[in-house]
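# Inside the fold
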Amino acid sequence: MPIIATRGLTMRFPGVTALDDLTLDVEPGIVGLVGANGAGKSTLIKILLGLQPASAGQARVLDLDVTRQGELIRERVGYMPEYDCLPPDVSATEFVVHMARMSGLPPTAARERAADTLRHVGLYEERYRPIGGYSTGMRQKVKLAQALVHDPRLVFLDEPTNGLDPAGRDEMLELIRRIGAEFGISVLVTSHLLGELERTCDHIVIIDGGRLLRSQAVEAFTTDSGTLVVEVEEGRDALGQALAGAGLTVRPEGRALLVEVAGERTFDLIRDAVVELDLLLIRMERRRHHIEEVFATPAAPGAAGVPPQGVQAPPGAAVPPRGYQG
Ligand SMILES: Nc1ncnc2c1ncn2[C@@H]1O[C@H](COP(=O)(O)OP(=O)(O)OP(=O)(O)O)[C@@H](O)[C@H]1O
């Protein structure tokens, strides 16, 4: 059974359509919702929580109807909002205990659950200090803890890595993975960075201007498409020419080559060319996606929920050049 199902979901504000005929089925697991700022991610979450009535269409969360069963949904779903909403003058412990009480836990259970959850997200002694003195990373952890404290079946995390430095981002992404793996809680996490969700999620949904661009398993993204960064100690251009000659789309970038993945054979072709030219391979890794690349790539055949009219590339989306120009 899908944890989230929408049919023709549409949200119009005066002068802007935030969601446009969105039809989507999301299975349990860690699901990334990706879109640029203003794509409609937060609006979708608010509708799914039953906090915002849609202009048209239907949506169900955990098989509950968002228009009639919002309260039941909010009992079973945790929500970490994008913006800071924490009281500065209470401690993390007081705040999370309060949120546990609000969701119906008795006082002792609320205190125990709050302590466990705060420890789980990595807040220890500092949890007794007022939130006003916390770093952004600590505040994000408090928001995450309050979303988990009532033991939900599903959590919505709206831009949990916002404002975090690289180490803080990695820590948050690791926490999200553990929520899924250790606690069996499904996660819907939003970001405008496809690269970071690709590392964390089982399934990615991409929306743009309120419309569905893609909904597919991460594996399908990473095995069939994308860009490899290939760096050799010397002989970059010789390798570029060999790969272009083998039919790959390749271009130089700095000391490296960017090679478009065209199925599994891409890796074999690179390996064979490196061996044949007797080069020293320094690195071959998948480049972090930029969302524009996805806009420029046609959806995989059979990708769930792809609108029949296909994907529109935004103006200026890059088309890789043919041949090799070193
Ligand atoms: N209450 C509102 N009234 C009017 N317009 C709104 C309202 N809420 C959202 N919008 C508009 O709807 C569009 C989608 O906004 P939304 O916040 O859902 O996007 P988002 O993908 O979450 O982006 P961000 O990451 O920047 O929050 C935007 O154009 C936004 O300005």
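Note that the structure is a prediction, hence the values are computed from the model and not measured.

## Some points on the overall build of the chain
Helix and strand counts for the chain come out as eleven helices and 14 strands. Here the chain holds 326 residues, and the buried ones make up 39% of them. Taking the intrachain contacts of the chain between residues at least 6 apart in sequence as the baseline, contacts between residues at least 24 apart amount to 69%.

## Re the sheet that holds strand β13 (residues 256–260)
Taken in spatial order, the four strands of this open sheet run β12-β13-β11-β14, and their pairing is antiparallel. One side of each edge strand has no neighbouring strand; the edge strands of this open sheet are β12 (250–253) and β14 (281–286). Taking the axes of each pair of neighbouring strands and ignoring which way they run, one obtains an average angle of 25° across the sheet. Sheet analysis places β12 next to β13, joined by four bridges and oriented antiparallel. The residue bridging Arg-251 from the neighbouring strand is Leu-258, located in β13. Sheet strands touched by helix α9 (residues 236–245): β11 (227–232), β12 and β13. Its angle to β12, the strand with the most contacts, is close to 160°.

## A few points about the site of the ligand
Taken together, 13 residues are adjacent to the ligand, and Phe-13, Ala-18, Asn-37, Ser-42 and Thr-43 come closest. Residue assignment for the shell around the ligand shows that the elements contributing at least two residues are β2 (16–26) and α1 (41–48). Counting residues per element, the shell around the ligand draws most heavily on α1, at three residues. Residues belonging to the shell around the ligand are distributed by class as follows: four nonpolar, six polar and three charged.

## Overview of the environment of Arg-7
Tracing the chain through its elements places Arg-7 in strand β1 (residues 4–13). For Arg-7 and Arg-60, which are 53 residues apart along the polypeptide, the C-alpha to C-alpha distance reads 9.0 Å. The contact partners of Arg-7, leaving out residues within four places of it in the chain, are Thr-23, Gly-57 and Gln-58.

## Considerations on helix α3 (residues 92–102)
Buried within α3 we find Ala-92, Phe-95, Val-96, Val-97, Met-99 and Ala-100. Where α3 is buried, its residues contact α4 (107–120) and α5 (136–148). In the segment just after α3, Gly-104 is the residue with positive phi, at about 105°.

## What to know about the packing of α3 against α4
Taken N-terminus to C-terminus, the directions of α3 and α4 make an angle of 125°; their axes are 8 Å apart at the nearest point. Judged by the inter-axis angle, α3 sits oblique to α4. Pair α3 / α4 crosses with right-handed handedness. When α3 is examined against α4, the residues Ala-92, Thr-93, Val-96, Val-97, Ala-100 and Arg-101 are found in contact with a partner set consisting of Pro-107, Ala-110, Arg-111, Arg-113, Ala-114, Thr-117 and Leu-118. Residue classes in the contact of α3 with α4 are distributed as eight nonpolar, two polar and three charged.

## Re the nonpolar core
Counting residues in each nonpolar core, the largest one holds 67 residues, and the members touching the most others are Leu-48, Val-61, Val-96, Val-155, Phe-156 and Val-187. Of all hydrophobic cores here, the second largest spans 15 residues; its members include Val-232, Leu-239, Leu-248 and Tyr-324.

## Here we look at the pairing of β13
Alternating residues of β13 divide into Leu-257 and Val-259, all buried, and Ala-256, Leu-258 and Glu-260, none buried. Across four bridges, β11 lies against β13 in antiparallel orientation. Along β13, the bridge assignment pairs Thr-227 with Glu-260.

## So, the sheet that holds β2
Overall, antiparallel pairing links the four strands, which are arranged β2-β1-β4-β5 in an open sheet. The outermost strands of the open sheet, each flanked by one partner alone, are β2 and β5 (64–65). By the bridge criterion, five bridges tie β1 to strand β4 (residues 56–61) in an arrangement that is antiparallel. Bridge pairing in β4 links Ala-5 to Arg-60. The strands that α1 touches are β1, β2 and β4; relative to β1, the one it contacts most, it runs at about 115°.

## Brief notes about the domain arrangement of the chain
The domain architecture assigned to the chain consists of domain 1 (4–220) and domain 2 (227–286). Between the C-alpha centres of domain 1 and domain 2 there is a distance of 40 Å.

Cut-offs used in this document
- Residues numbered from 1 in each chain as written.
- Predicted model: local features only at pLDDT ≥ 70, side-chain atom pairs only at ≥ 80, totals over all residues.
- Helix = DSSP H or I, 4+ residues; strand = E, 2+ residues; numbered from the N terminus.
- Buried ≥ 20, exposed ≤ 12 C-beta atoms within 10 Å, placed from the backbone.
- Contact = placed C-beta atoms within 7 Å.
- Pairing = 2+ DSSP bridges.
- Axes fitted to C-alpha atoms, helices over the stretch in contact; angles between N-to-C directions.
- Near = placed C-beta within 6 Å.
- Nonpolar A, V, L, I, M, F, W, Y, C, P; charged D, E, K, R; others polar.
- Parallel < 35°, antiparallel > 145°, perpendicular 65-115°, else oblique.
- Left-handed = near helix turned anticlockwise from the far one by under 90°.
- Core = buried A, V, L, I, M, F, W, Y, C linked by C-beta atoms within 7 Å.
- Domains from an automatic or database assignment.

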